[in-house]
Amino acid sequence: MLSPDSASNKIIVFRIDEKLFGGELSKICEVLEKEMPLAWVPRAPAFVKGAVAHHGQAILLIDLNAFLHLPAQETETVILLDSPDRDIGLCVGKILGIVDMTGGDIKETDKNGDEDRGMYVDRFVQWKDRVVGLLNIERLVSDIDGYF
Amino acid sequence: MTKAVNEKAPSLKTLPGTGEEGKGRADPLRALRQFRLRVELGYKFILSFLVVVIGVLVIAWILSRINIPPEWEEIATVLSAIAMGLAIGRTFSRILSRDFHELSRSAEVIAEGDLAHPLSLEERIFPDETADLAESINAMRHSLRVLVSRIRETSHNVFESSRSLFTSAQGLNASNGEIASTMEQIAKGASLQAERVEETFSLIKRMAISTEQAEKSAAEAHTSAAAANGAALKGEEIARTTMGKMHIVFEKVEGAHTKVLKFSERVAQVKKIIEIMAVIAEKTDLLALNATIEAARAGEYGRGFSVVAEEVRKLADTSARSAEQIREIIETIELESKEVSGTISESTQELRKGREETNAIIHSLGSILASVGETTQRVERITALSGEHAMHVEETVKSIEEIARVTQDNAAATKQVSAAVQKQAASVSEMSSAVQVMTKMSEDLRDVVARFRLE
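Residues numbered from 1 in each chain as written. Chains lettered and ligands numbered in written order. Predicted model: local features only at pLDDT ≥ 70, side-chain atom pairs only at ≥ 80, totals over all residues. Heavy atoms only, no water.

> Please clarify how the layout of surface pockets should be interpreted in this entry.
The gaps of empty space that remain are located by a probe, the size of a water molecule, rolled over the atoms. Taken as a whole, the second largest pocket encloses approximately 670 Å³ of empty space. If you trace the second largest pocket, you find 30 residues lining it, with K10(A), I98(A), V99(A), D100(A) and E310(B) closest to the centre. Elements that contribute at least two residues to the lining of the second largest pocket include exactly β8 (95-100) of chain A together with α6 (129-297) and α7 (303-450) of chain B. Here the lining of the second largest pocket takes 8 residues from α7(B), the largest share from any one element. For the lining of the second largest pocket, the per-class residue count stands at 8 nonpolar, 10 polar and 12 charged. (1 Å grid on protein atoms, 1.4 Å probe; cavity = no way out; pocket = protein on both sides within 12 Å on 5 of 7 lines; lining within 4 Å. Points joined across faces, edges and corners; volume = space filled by probe spheres on them. Helix = DSSP H or I, 4+ residues; strand = E, 2+ residues; numbered from the N terminus. Nonpolar A, V, L, I, M, F, W, Y, C, P; charged D, E, K, R; others polar.)

> Even after reading the chapter, I still don't get the pattern of salt bridges, so can you show me in this structure?
Charged atoms that come close allow side chains of opposite charge to pair. In total, this model carries 24 salt bridges over all chains according to the counting rule given. The partner of E40(B) in a salt bridge is R38(B), and the shortest N-O contact between them spans 3.9 Å. Take R38(B): its relative accessible area is 13%, and that puts it in the buried class. For R313(B), the salt bridge identified is with E310(B), shortest N-O distance 4.0 Å. Pair noted here: R313(B) and E310(B) are both in helix α7, with a separation of 3 residues, about one helical turn. A network of salt bridges, in which partner residues are shared, links E24(A), K27(A) and E138(A). (Salt bridge = Lys/Arg side-chain N within 4 Å of Asp/Glu carboxyl O. Buried < 20%, exposed > 50% of the residue type's maximum accessible area, 1.4 Å probe, protein only.)

> Sorry if this is basic, but what is going on with the nonpolar core here?
Generally speaking, soluble globular proteins have nonpolar side chains that are buried together. Formed by 36 residues in total, the largest nonpolar core has its most connected members in I12(A), F14(A), I62(A) and L64(A). The residues touching I12(A), leaving out its near neighbours within four places in the chain, are F21(A), G22(A), G23(A), L25(A), I28(A), V31(A), I95(A), G97(A), I98(A), L289(B) and I293(B). Counting 11 residues, the second-largest nonpolar core is a separate cluster that includes L121(B), I137(B), F452(B) and L454(B). (Core = buried A, V, L, I, M, F, W, Y, C linked by side-chain atoms within 4.5 Å. Contact = heavy atoms within 4.5 Å.)

> Sorry if this is basic, but what is going on with the sheet that holds strand β3 (residues 28-33) of chain A here?
Sheets are built from strands paired through backbone hydrogen bonds, the pairs being either parallel or antiparallel. The 5 strands lie next to each other as β3-β6-β7-β5-β4 (chain A), forming an open sheet whose pairing is mixed. Each end of this open sheet is capped by a strand with a single partner; those strands are β3 and β4 (48-54) of chain A. Sheet twist, expressed as the average angle between the axes of neighbouring strands with direction ignored, equals 30°. The pairing of strand β5 (residues 57-63) of chain A with strand β7 (residues 88-92) of chain A spans 4 bridges and is classified as parallel. Bridge pairing in β7(A) places L60(A) opposite I88(A). The sheet strands contacting helix α3 (residues 137-146) of chain A are β5, β6 (77-81) and β7 of chain A, and the helix crosses β7(A) at an angle near 110°. α6(B) contacts β3 and β6 of chain A of the sheet and is inclined by roughly 175° relative to β3(A). (Pairing = 2+ DSSP bridges. Axes fitted to C-alpha atoms, helices over the stretch in contact; angles between N-to-C directions.)

> Explain the packing of α6(B) against α7(B) to me, please; I cannot follow it from the model alone.
What describes two packed helices is the angle between their axes and the distance between those same axes. Residues and elements named next belong to chain B. Axis separation between α6 and α7 bottoms out at 2 Å; the angle between their running directions is 180°. On the basis of their axis angle, the class for α6 and α7 is roughly antiparallel. Tallied by class, the residues present in the contact of α6 with α7 amount to 84 nonpolar, 41 polar and 19 charged. (Parallel < 35°, antiparallel > 145°, perpendicular 65-115°, else oblique.)

Shown next as structure tokens:
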């Protein structure tokens, strides 16, 4: 459904605990407002905030801070992922923008050793003098699925 | 040359203890008995010689008649003459010697001090100088009796008087002592009084100075009170003007406060609108974001829409930033207007307080005016009184000066009296010793006259 040279070249940049992260735009379905009534999900892991109803679908809200073992913060935006098995929403901070990876705004960094990236960051890029960690959304979703 | 003795007789008869009066009255031959013819002794001698001569002649005549021889006749005559002469001479001399003996005995008795017994010679028809002598002796005795009795009486009186005088002198001495001590006390009192008068004088002088100062102060106070009155009047006027101005300012400030409050309301409204704008910008941003995502997902077809969405997102971003800036500005304005409102509220409160204080000042000034009026009246009275007081004090000073003078005179007089009393005491002691001497003398005199017996 998606053209690989259009959406896959763009990332959405957001903030988690003063750190910037980026996700491929092709893996993202929609950005939601934070103000939504939450439903409690029984026997769910600690990083599951709850569930919300959106366009007749139940969406599981994942606290990305808790999942990535980062300090807790207030959720400002929910990024709805485009996954085939279940609808997952990532609770993140402010959305800073959508950046075209092919444009001149992104520079590659030399800070890409295995020890720095962890499990979910593919690589680091520089955007507006700041380092953005590009998340591997697929691995993230499959790991979350693994808990259920 | 001859004189009736009865003229002198009464002086003898009056003597006490003679008893001659009683005899004289009973005698019927009183007139004959009382007949006296004074013959002096010389004449008596002559008469007795004549009697002898006449007797011789008579004898010679008788013998011539009788016949006796002439030789016998002569012898007889001579013998008779001798006999007669002897007889007469003997009689005469006996009488005379008896009288003289009596006289000398009487003189001796008087010399011994016996004045009780009067001398009484035999009564004779022809008294002579012996009778005179007896009379004189009797007169002398009488005089001596009178003198002695008077001396006795007088010495007794002198003795009594000197005794009472001595007692009086002693009493006087005691009194003098008392007077002296009293005078001493008086002198002490006088000197103390003089000191007190001196102290009083200095006090009164100080008082006079104080009174003068008080008078000056009262005059100054009067001037000050008048000045205060003027100042208070001016102050009241100024306070009333201030009050009016404050009222205007208060109204203006209240108006400003109302405007500021309205301004604050408007600012709050603007803030609400800005908040709505911020929310709209946020939502627009989200919408633009989703549109961008959708456009990306649309691939090539969504490229144009993606550009539009990006622009919308930028606009929304700008709007959000502007709204944020406006919000910040509005918040600043709100803060400042709150401060202004607070300041105005404070000013209003201060003004209200000021108005109340000004009212209080006006009220106080009214009270001050009343007080100043009263004070002025009082000060006037004080001035008048202190003038009077000064006059009285001056008079008092004069009186005290006079008193001081009198006191000094008194002290001096007391000293003089003391000296006089001392002199008097000396005189009294002299008198006392003189009285003692006199008593002694009167006693001696009494002893001397006690020798004389009057009874």
